[in-house]
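So you can see what is in the structure, the chains are spelled out below.
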Amino acid sequence: MSSDERERTGLYVESTIIMTTVRVVSPFVLTFALFVMFHGANSPGGGFQGGVIAGSVVMMLAFAYGIDAAREWLDVRVVAALASGGVLLFAAIGLGTMLLGGNFLEYHLYEQFLSHATAYGIELVELGIGGIVASVAIGLFFLLAAGFGHAVDSPEGES
Amino acid sequence: MTLSLIEAALLVFVLGCALGAAVLRDVLASLMAFAAYSLGVSIIWVMLEAPDVGLTEAAVGAGIMTILFILALANTVRPQEDGLFESIHVRTVVLVGAFVVVMLATVPSLPAIGADGAANPVVSGEVTQYYIENAYADTEVHNAVTAVLAAYRGFDTLGEAVVVFSAGVAALTVLRQEVFA
């Protein structure tokens, strides 16, 4: 753990230019990610692409402020909740129509509760996909950054 | 088929980057060539009027993949080697060449770019026409790609989303971690 942390700080270069740029740019990138996710119904984009862009915001922060700082700042429960919540949301919307007596993902059965239910249903599904993709991208980033040092018992893998 | 100057330049750029990714000796340089290749291909997708694919290629291929590869590289030892290019083996060239020939053999049977009507079975096909005519009435979304992805083929998409989720879980298992960060 400690040797790993030393190596991490060795990789990280504290740069005012990068930190300032990331601080200015990241809100816009997150907004763009949400735009791609929400607007995927009417323009190119959707959950997969928007999710990746949203995940890249955390990676930008990690590059600017250090991976360890980003790891501490990020609440792992939020990441896990996004990943499993996305799958649950998608499956629940799909299975809900079966409960109402239709087929899987037959959105228009929700019309009895809500007008334009099809459009809202697709939007929710896209959001669910976005959550899965964003959190898995963030997760893979931190897992790869931690390396195999934690996995193997001997620290020989790190050099 | 005539190419505009920009299209020709893009194709040359992408081919050059692909070749660079294959033959450059330094792994980091090869990675950079691969990222540039992805970016070039994403612009080609936009040129071919497939902006959804282009956006995915730019975000995943050029963005996330490059970051993950660099992180993997940072966790390994990079051998110091001389020479700019990898030594090329005849067997590899023959194998890759044969693969390229097989792929190129399928190109003449593709419809011309922008072809319409009977000349382009992809556009004039029954399924495509059905989606174009009914997608908005059925699903209330203008982007037919999203309509197919989230409504007509929603079950497939649930499978894809679960595959992404499982990839995350598999990475956790392999690296013997319990949390995502």
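Attention in this report is confined to the structure presented alongside it.

Conventions adopted
- Residues numbered from 1 in each chain as written.
- Chains lettered and ligands numbered in written order.
- Predicted model: local features only at pLDDT ≥ 70, side-chain atom pairs only at ≥ 80, totals over all residues.
- Heavy atoms only, no water.
- Contact = heavy atoms within 4.5 Å.
- Buried area = accessible area lost by both parts, 1.4 Å probe.
- Polar contact = N/O pair within 3.5 Å; in protein donor to acceptor, adjacent residues only side chain to side chain.
- Helix = DSSP H or I, 4+ residues; strand = E, 2+ residues; numbered from the N terminus.
- Expected span 1.5 Å × (residues − 1).
- Buried < 20%, exposed > 50% of the residue type's maximum accessible area, 1.4 Å probe, protein only.
- Phe/Tyr/Trp six-rings, centres within 6.5 Å; stacked < 30°, edge-to-face > 60°.

### Looking at the interface of chain B and chain A
Right, so step 1: Counting from both sides, the interface comprises 41 residues of chain B and, opposite them, 56 residues of chain A.
Right, so step 2: Carbon and sulfur atoms supply 76% of the area buried between chain B and chain A, which totals about 4,200 Å² over both sides.
Right, so step 3: Taken together, the links from chain B to chain A amount to twelve residue pairs in polar contact (both at pLDDT 80 or more).
Right, so step 4: Secondary structure elements with two or more residues in the side of chain B that touches chain A: helix 3 (51–74), helix 6 (126–139), helix 7 (144–152) and helix 8 (154–174) of chain B.
Right, so step 5: A per-element tally of the side of chain B that touches chain A places helix 8 of chain B first, with twelve residues.

### A closer look at helix 2 (residues 27–47) of chain B
Right, so step 1: Here helix 2 of chain B spans 30 Å end to end across 21 residues, near enough to the 30 Å set by a 1.5 Å rise per residue.
Right, so step 2: Where helix 2 of chain B is concerned, the buried positions are S30(B), L31(B), A33(B), A35(B), S38(B), G40(B), V41(B), S42(B) and I44(B).

### Some points on the packing of aromatic side chains
Residue and element names in this part refer to chain A.
Right, so step 1: For the structure on display, the rule yields nine aromatic pairs over all chains.
Right, so step 2: Relative to F35, the ring of F32 lies with its centre 6.5 Å away and its plane at 20°, an arrangement referred to as stacked. With a gap of three residues between them, F32 and F35 both fall in helix 2 (residues 16–38), about one helical turn apart.
Right, so step 3: When its relative accessible area of 40% is taken as the criterion, F32 is described as partly exposed.
Right, so step 4: Judged by relative accessible area, F35 falls into the partly exposed class, the value being 44%.
Right, so step 5: With 6.4 Å between their ring centres and 50° between their planes, F63 and F141 make a pair best called tilted. Of the two residues, F63 sits in helix 3 (residues 47–65) while F141 sits in helix 6 (residues 117–146), which places them 78 residues apart along the sequence.
Right, so step 6: F63 sits in the partly exposed class, given a relative accessible area of 46%.

Structural measurements only, silent on function.
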